[in-house]
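# Geometric and topological summary
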Amino acid sequence: MTRPSSRRLVGFTATFAVAALAAGCGRSETRMPHFNPPGVSAHAMQVYDDAIVIDTHNDMPSRMMDGYDADVRHEPGWGRDRGETDLPRLVESGITAQFFAAYVDARYAQTRPDESWARAEAEMDTIHAFVNRHPDRLIPGTTSRDVLRAKREGKVAVFIGVEGGHAIENSLARLDTLYAQGARYLTLTWNNGNDWAGSSIGVNGTRTGGLTDFGKDVIREMNRLGMLVDVSHVSDSTFYDVLATSRDPIIASHSSARALGGHVRDLSDDMLRAVARNDGVVNVNFFAAFLDPKFGQAADSIRRDVEARADSEARKPGADTAKVRAWADSVTQERLHALARPPLSLLVDHIDHIARVAGVDHVGLGSDFDGVDGLLPTGMLDVTYLPAIAQGLIDRGYTDADVTKILGGNVLRVIEIVLDRKPKAARAP
Ligand SMILES: [Zn+2]
């Protein structure tokens, strides 16, 4: 798991020149040298360095709330002290803008009223504190101007997306508050549906249907505010209800192609074409189980097998259920990590598929780094490996201009359309 020792600084000088040019005022360049992943050519590094690179989904904040220190470097991989993202590697990756998820787990929706809201607020606080600690490296992001400024100054613009519509506790006023606090997308559901939107999975017997009338009000309110609607995780019927309701382009912040991965959590070809008609962007999730149906099926069977064994252990007289739970989690992780990973080329297959079905203007990157227990394709160890995607696309004949759109240009377009607009007059009471 150790990082390759030879790091070539390909593209560094050229980046300096481009950034200085973009700044147009002779301000000094502060960009750090990039890591050059193995097999990535000088040309691919140059395309990557010149591009606005945006990743629309990263779960590092939830790990920070569990004690992960994002201020220092970690090795990539699975485990408490490993991960795919931290400040040093974010900077080194050369990424321009990172959306961090303020993720609200389903369990908060099943406890007391206000628990989901409190969790969302705590996650937002964690993200704001991270940005505030590093004004030399990070800037808070809410508009395209912040993205362009980050590129110019060699910093990373940090955007916030709230994941799990149960966070708003059925209140448009709370949605407004999230926006006022800097959140710029809401993922309408997680694996649990809520009172107004259905989830593709519907864990714990939660809703899998479409939007209710209140759900449609949520979409209209997000349109009014200028906040991105995120359809990752939602059921098919909620997806189509969203597209029938939203006046703005939408995003899927971390979803892959169902035609290749076979997962209900991802977008079918018909859904991809609908996003294209909406002028939205589908940002590909790097999770091995979404990319590779063989990996997904093997992972499901491991989970079922361990759950069955854990259930029978927990039913024994005098069983310590907490211990059984911890045992089950650790055995599951060990067995998942023993599975053969799909290659990076399969991730590029998903991007290529979405570009062919929806068009090259409607695909982007939604890594889900630090949200998938390190179960990533080979050759995509952490955030510093993003240039490998530029190489994979160039190898398939994508032009530099198209690679630039996929790396972040498409998401920047949607940011300009939706987030740059000032909220319209206050909503009717
Ligand atoms: Zn998610």
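Residues numbered from 1 in each chain as written. Predicted model: local features only at pLDDT ≥ 70, side-chain atom pairs only at ≥ 80, totals over all residues.

### Describing the overall build of the chain
To keep it simple, the criterion reads: Numbered from the N terminus, helices here are DSSP runs of H or I no shorter than four residues, and strands are runs of E no shorter than two. To get the radius of gyration, use the C-alpha atoms; to get the globule rule, take the number of residues to the power 0.38 and multiply by 2.2 Å. Put plainly, a residue is buried at 20 or more neighbouring C-beta atoms within 10 Å of its own, exposed at 12 or fewer, and partly exposed in between, counting only other residues' C-beta atoms, which are placed from the backbone. The contact criterion used is a C-beta to C-beta distance within 7 Å, with each C-beta placed from the backbone.
In terms of regular secondary structure, the chain is built from 18 helices and 9 strands. Whereas a compact globule of 429 residues would reach a radius of gyration of roughly 22 Å, the chain reaches 21 Å, a difference of no more than 12%. The C-alpha extent of the chain, read off along each of the three principal axes, is 70 × 55 × 40 Å. With 429 residues in all, the chain has 52% of them scored as buried. In the chain, once contacts between residues fewer than 6 apart in sequence are set aside, the share between residues at least 24 apart is 75%.

### Overview of the environment of Gly364
Mapped onto the secondary structure, Gly364 falls in strand S9 (residues 363–365). Judged by the 29 C-beta atoms lying within 10 Å of it, Gly364 falls in the buried class. What Gly364 contacts, discounting residues up to four positions off in sequence, is Ile54, Thr56, Val281, Asn283, Ile406, Gly408, Asn410 and Val411.

### Some details on the pairing of strand S5 (residues 183–187)
Let me state the cut-off plainly: When DSSP locates at least two bridges between a pair of strands, those strands are taken to pair. Handedness of a crossover is defined as follows: orient the strands so they point away from the viewer, and if the path from the first strand over the helix to the second runs clockwise, the crossover is right-handed.
Extensive coverage of S5 is indicated by the burial of 5 of its 5 residues. In the sheet, strand S4 (residues 156–163) pairs with S5 via 4 bridges, with the strands oriented parallel. Note that in S5 the partner of Gly161 across the bridge is Tyr185. Running through helix H8 (residues 172–180), the crossover from S4 to the neighbouring parallel element S5 is right-handed. Pairing of S5 with strand S6 (residues 228–230) involves 3 bridges; the strand directions are parallel. In the strand pairing of S6, Leu186 is matched with Val229.

### Describing helix H17 (residues 387–395)
H17 sits mainly inside the fold: 7 of its 9 residues count as buried. Those residues of H17 not exposed but buried are Pro387, Ala388, Ile389, Ala390, Gln391, Gly392 and Leu393. Turning to H17, the residues buried within the fold contact helix H2 (42–50), helix H16 (344–358), S9 and helix H18 (400–419). Of the residues flanking the end of H17, it is Gly397, one or two places downstream, whose phi is positive at about 95°.

### Remarks on the pairing of strand S2 (residues 97–103)
Most of S2 is tucked away: 7 of the 7 residues are buried. Residues Ala97, Phe99, Ala101 and Tyr103 point to one face of S2 and Gln98, Phe100 and Ala102 to the other, with burial holding for every one of them. Summarising the sheet, strand S1 (residues 54–58) and S2 pair through 3 bridges and their orientation is parallel. Residue Asn58 lies in a different strand from S2, and its bridge partner there is Phe100. Across 7 bridges, the pairing between S2 and S4 is parallel. Note that in S4 the partner of Phe100 across the bridge is Ile160.

### So, the domain arrangement of the chain
The line we're drawing: Boundary definitions for the domains trace back to an automatic or database domain assignment. By the convention adopted, Pro, Cys, Tyr, Trp, Phe, Met, Ile, Leu, Val and Ala count as nonpolar, Lys, Arg, Asp and Glu as charged, and the other residues, Gly among them, as polar.
Looking at the chain, the domain boundaries give domain 1 (12–290 + 344–419) and domain 2 (293–341). Averaged C-alpha coordinates put domain 1 and domain 2 at centres separated by 29 Å. Tallying the contact residues gives 10 residues for domain 1 and 8 residues for domain 2. Here the side of domain 1 that touches domain 2 is composed, by residue class, of 5 nonpolar, 4 polar and 1 charged.

### Side note on the nonpolar core
Nonpolar side chains tend to gather and get buried jointly when the protein is soluble and globular. So the rule is basically this: By convention the nonpolar core is taken to be a set of buried residues drawn from Ala, Val, Leu, Ile, Met, Phe, Trp, Tyr and Cys and joined through C-beta atoms within 7 Å.
In this structure, Val282, Ile354 and Val363 are the most contacted members of the largest nonpolar core, which totals 115 residues. When residues in this core are grouped by element, the largest group, 9 residues, is from H18. Those residues within four positions of Val282 in sequence are excluded, and the remaining contacts are Ala252, Ser255, Leu267, Leu272, Val275, Ile354, Ala358, His362 and Val363.

### Quick look at the packing of H8 against helix H9 (residues 213–225)
The following threshold applies: Each axis is a line fitted through C-alpha atoms, taken for helices only over the stretch in contact, and angles between the N-to-C directions span 0 to 180 degrees. Orientation is classified from the angle alone, with under 35 degrees giving roughly parallel, over 145 giving roughly antiparallel, 65 to 115 giving roughly perpendicular, and any other angle giving oblique. The hand of a helix crossing depends on one turn: near helix anticlockwise from the far one by less than a right angle means left-handed, and clockwise means right-handed.
Closest axis-to-axis distance for the H8/H9 pair is 11 Å, and the angle between their directions is 30°. It follows that H8 is roughly parallel to H9 by the angle criterion. As for how H8 packs across H9, the hand of that crossing is right-handed. Where H8 approaches H9, its residues Leu172, Leu175, Asp176 and Tyr179 are matched on the opposing element by Asp217, Val218, Glu221 and Leu225. Residue composition of the contact of H8 with H9, by class: 5 nonpolar, no polar and 3 charged.

### Considering the environment of Phe295
Within the secondary structure, Phe295 is located in helix H14 (residues 293–315). Note: C-alpha distance between Phe295 and Glu115 (180 residues apart in sequence) is 35 Å. When residues no more than four places from it in sequence are discounted, the contact partners of Phe295 are Ala288, Ala289, Leu339 and Pro342.

### Things to note about the packing of H14 against helix H15 (residues 321–338)
Between H14 and H15, the least distance of the axes is 10 Å, while the angle of their chain directions is 160°. In terms of orientation, H14 lies roughly antiparallel with respect to H15. At the point where H14 passes H15, the crossing takes the right-handed sense. Here Ala299, Ile302, Arg303, Val306, Glu307, Ala310, Glu313 and Ala314 of H14 come into contact with H15, specifically with Thr321, Val324, Ala328, Val331, Thr332, Arg335 and Leu336. Of the residues in the contact of H14 with H15, the class split is 9 nonpolar, 2 polar and 4 charged.

### Remarks on H16
Selection criterion: Expected helix span is computed as 1.5 Å times (number of residues minus one).
Relative to the 21 Å expected for 15 residues at 1.5 Å per residue, H16 spans 21 Å between its end C-alpha atoms, a close match to the ideal helical length. Among the 15 residues of H16, 12 are classified as buried, and the element is accordingly described as predominantly covered. Every buried residue of H16 is listed here: Leu344, Leu347, Val348, Asp349, His350, Ile351, Asp352, His353, Ile354, Ala355, Val357 and Ala358.

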